[in-house]
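Summary of structural features
Okay, here's what each chain looks like letter by letter:
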Amino acid sequence: MFTDAHVWEGTARRLTAAGAQVRAVTLAGPGRPRAGDGPEPDAGAHAEAEADLETHIEEVCAAIDAVTGAPGGTGGTGGTGIVLVGHDYGVHPVLGAADRRAERVARIVCVDAGLPQDGVPPLAAVPDQSVRALPAEEAAAGTTAGVLPPPGREEWTRWGSTAGVSEEALDRLTARAAPQPLGTLLRPLRLSGAAAAVPTTGVLCTANGVGIDMVQRLVDLGDPALRALTGPGVTFFELPTGHWPMLSCPEDLAGVLLRAAAGEGHRLTPPGASGTPAHLHPFPLPVPELPRERRGNVDFYFPRPGGTKGVKGAEGVDGPRPAVVFVHGGPVPAGAEPSPRDWPVLAGHARYAAGQGAVGVTVEHRLHDVADYPRAAGDVAAAVDLVRADPRVDGDRIALWFFSGGGPLLADWLAKPPAWLRCLAAAYPVLAPLPNWGMSADSRFHPVRALADAGHAPPPLVLLRVGLESPEIAATVSGFLAAAGEREAEVRVVDVPHGHHGGGPGDPEEEWRGAVREAVRAVLDRLDA
């Protein structure tokens, strides 16, 4: 989006030097020169704002035909060695063109972009959520005229991480940026299914928030739309850079594109094919067999009558007990089976807390996309009200525990902590929006900023941290701890030195057992305070 063929110049030079023929396509739009035969576009003709996704698909088809000859005609050089490379929005016209010229395309390469689905407009993949909030009726019509203004010099991070991009390159990107026709975002992509047979490679830019391990975890959650990523013709590469690798590391990107064209890369495994997925790995500690009481999206696990010695004053007491509410992470695909509250890690934590004398509670919320945080926050708040209203729960002694991608939901409770909230806990959490989420700088779901800006002392905090966390998530945890230090907040950090995000079969069980036991004990101590 907003760019022309100039962004590919560095990568194109390196590919050409390696013996590849390169054609960089400038997609139609106001203020954009039309593409020529090489990496430099021809000056001259400018397209109108009415250009839409179909216009761009036709332009990519024309580029293919210029090399291979038009369908049913003669001309071109023939052959089926076309590798179509789409970056960000560009993957939509690339996939549309591959669908129409499947017999001529050897591979599709998606550079820091998802794989679009039939009938879904590109707007759904835009990270900037203020743009995704365009009127629903306009998006449904798919024919809205007009343009989206290009980002200013300091606004590119709303569209992805600029890590690795030099100041000079960022200045040039801004100077050359052109408006994006709205029709290119609002018209649904239409696919016949022919492109599904074309081998595909994903190039993931890890500084933008997604790596191969994270994609494998999403596949393991069982989303049918992602199962295609485990096919034999699908490969992946990682680049340790931001969202614009053609500007930040053009030589590395060129090398990856050549390897992708040769069919190289990492292959994902289908759910369960390489062992138990991390989210279904057994809970590390023994837990009592307690009945589950399900009420809507909330599951209760109550201690056995008579209590235990885990919670102060619980021995022999059958009155109201404090509660620990466990909130899963995400995004989790809608309809995932088993659903999050049936995952061993979530139910295991709740049962373990109940075995220590507290009421263990799990909450299932509707975080299916990064745009769903407001809805998920409402689900959690309503669930907490339900828990506190139960006569078997001491409504003045509540702890909230968030996992993984549920971490941003901490922000509301840090900004305005109620008196009954005795403790906040988080396990391997995301504590600030990741670059590819497209959240604005003033996003409500930013625990680091919520902690730094709060005008009051935050509740006591317990943080379970893994030593082998991804760098992007680890940076959010470090930022949170720095803010906590400046606020002199009470934070208990429990480390799993050799643990990965979410744990799993390959992690040291003893480390996890000790860490979970210590973290639960720390939360219960704060409920007793």
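The paragraphs below set out a description of the structure included in this document.

The rules we used
- Residues numbered from 1 in each chain as written.
- Predicted model: local features only at pLDDT ≥ 70, side-chain atom pairs only at ≥ 80, totals over all residues.
- Heavy atoms only, no water.
- Axes fitted to C-alpha atoms, helices over the stretch in contact; angles between N-to-C directions.
- Helix = DSSP H or I, 4+ residues; strand = E, 2+ residues; numbered from the N terminus.
- Parallel < 35°, antiparallel > 145°, perpendicular 65-115°, else oblique.
- Left-handed = near helix turned anticlockwise from the far one by under 90°.
- Contact = heavy atoms within 4.5 Å.
- Nonpolar A, V, L, I, M, F, W, Y, C, P; charged D, E, K, R; others polar.
- Pairing = 2+ DSSP bridges.
- Phe/Tyr/Trp six-rings, centres within 6.5 Å; stacked < 30°, edge-to-face > 60°.
- Buried < 20%, exposed > 50% of the residue type's maximum accessible area, 1.4 Å probe, protein only.
- Polar contact = N/O pair within 3.5 Å; in protein donor to acceptor, adjacent residues only side chain to side chain.
- Core = buried A, V, L, I, M, F, W, Y, C linked by side-chain atoms within 4.5 Å.
- Salt bridge = Lys/Arg side-chain N within 4 Å of Asp/Glu carboxyl O.
- Right-handed = clockwise from strand over helix to strand, strands pointing away.

So, on to the packing of helix 1 (residues 9-17) against helix 10 (residues 250-261). It is at 8 Å that the axes of helix 1 and helix 10 come closest, and there the two elements cross at 50°. The angle between the axes of helix 1 and helix 10 places the two elements in the oblique class. Our pair here, helix 1 against helix 10, has a crossing hand that is right-handed. Of the residues in helix 10, those in contact with Gly10, Thr11, Arg14 and Leu15 of helix 1 are Pro250, Glu251, Leu253, Ala254, Leu257 and Leu258. Taken together, the residues that form the contact of helix 1 with helix 10 break down as six nonpolar, two polar and two charged.

On to the sheet that holds strand 6 (residues 234-239), then. One open sheet accounts for four strands, arranged 1-2-5-6; its pairing is parallel. The sheet is open, and its two edges are formed by strand 1 (82-87) and strand 6, each paired on a single side. Within the sheet, the average angular offset between the axes of one strand and its neighbour, ignoring direction, is 20°. As judged from the four bridges shared by strand 2 (residues 105-111) and strand 5 (residues 200-205), these two strands associate in the parallel manner. Of the residues in strand 5, the one forming a bridge with Ile108 is Thr200. Those strands touched by helix 2 (residues 53-68) are strand 1 and strand 2, and its axis lies near 155° from that of strand 1. Strands in contact with helix 10 are strand 1, strand 2, strand 5 and strand 6; relative to strand 6, the strand with the most contacts, it is inclined by about 165°.

A full pass over the atoms with the stated rule returns 13 aromatic pairs. Look at Phe2 and Trp156: their rings are 6.2 Å apart centre to centre, the planes differ by 80°, and that puts the pair in the edge-to-face class. Note that Phe2 is positioned in the segment before helix 1 and Trp156 in the loop between strand 3 (147-148) and helix 6 (167-176), a separation of 154 residues in sequence. Exposure remark for Phe2: the relative accessible area of 1% places this residue in the buried category. The exposure class assigned to Trp156 is buried, which follows from its relative accessible area of 1%. Measuring from ring centre to ring centre gives 6.1 Å for Tyr428 and Trp512, while their planes differ by 80°; the resulting arrangement is edge-to-face.

Before going further, it helps to spend a moment on the environment of Glu490. Mapped onto the elements, Glu490 comes out in the loop between helix 15 (471-487) and strand 14 (491-500). In this structure Glu490 comes out as partly exposed when scored by relative accessible area, which is 41%. Remark: the alpha-carbon pair of Glu490 and Pro458, spanning 32 residues in sequence, is separated by 8.0 Å. In this view, Glu490 contacts Pro459, Pro460, Leu461 and Arg526; residues no more than four positions away in its chain are not counted. A distance of 3.1 Å separates the side chain of Glu490 from the side chain of Arg526, its partner in a polar contact.

Turning our attention to unusual backbone geometry. Note that the residue after Gly330, namely Pro331, is joined by a cis bond; omega there is 0°. Here Pro331 is to be found in the loop between strand 9 (321-327) and helix 11 (344-355). Across the junction of Glu337 and Pro338, the peptide omega takes the value -5°, indicating a cis bond. Within the secondary structure layout, Pro338 lies in the loop between strand 9 and helix 11. We note that Asp112 has phi near 50°; this positive angle belongs to a residue other than glycine. Topologically, Asp112 is positioned in the loop between strand 2 and helix 4 (129-132).

With that settled, the discussion passes to helix 1. Turning to helix 1, its buried residues number three or more, namely Glu9, Gly10, Thr11, Ala12 and Leu15. Looking at the buried side of helix 1, the elements it contacts are helix 6, helix 9 (245-248) and helix 10. A positive phi of about 100° marks Gly19, the residue just after helix 1.

This brings us to the nonpolar core. In this structure, Met1, Leu84, Ile108, Leu148, Trp159 and Leu185 are the most contacted members of the largest nonpolar core, which totals 59 residues. When residues of this core are assigned to their parent elements, the largest contribution, six residues, is made by helix 2. Aside from chain neighbours lying at most four places away, what touches Met1 is Asp88, Tyr89, Val126, Leu148, Trp159, Gln180 and Leu185. Counting 49 residues, the second largest nonpolar core, distinct from the first, contains Val327, Val370, Ala383 and Val448.

Here we take up the side chain of Arg321. Relative to the elements of secondary structure, Arg321 occurs in strand 9. The class for Arg321 is buried, based on a relative accessible area of 6%. At 2.8 Å, the side chain of Arg321 and the backbone oxygen of Gly357 are in polar contact.

This part is about the pattern of salt bridges. This model, assessed by the stated rule, comprises 32 salt bridges. The shortest N-O distance in the salt bridge between Asp65 and Arg101 comes to 2.9 Å. Placement of Asp65 in helix 2 and of Arg101 in the loop between helix 3 (91-100) and strand 2 is noted, with a sequence separation of 36 residues between them. The exposure class assigned to Arg101 is buried, which follows from its relative accessible area of 13%. Arg392 is the partner of Asp390 in a salt bridge, and the nearest nitrogen-oxygen pair spans 2.8 Å. Given the relative accessible area of 4%, Asp390 is considered buried. Each of Arg292, Arg294, Asp299, Arg341, Asp342 and Glu364 takes part in salt bridges that share partners, so that together they form one network.

The next point concerns the pairing of strand 12 (residues 421-427). Within a regular strand, the side chains alternate between the two sheet faces. Of all seven residues in strand 12, six are buried, a share of seventy percent or more. On the question of chirality, the crossover connecting strand 11 (residues 393-403) to the parallel strand 12 by way of helix 13 (residues 410-415) is right-handed. Here strand 12 runs beside strand 13 (residues 461-468); their pairing, made up of four bridges, is parallel. Residue pairing for strand 13: Ala427 is matched across the bridge by Leu464.

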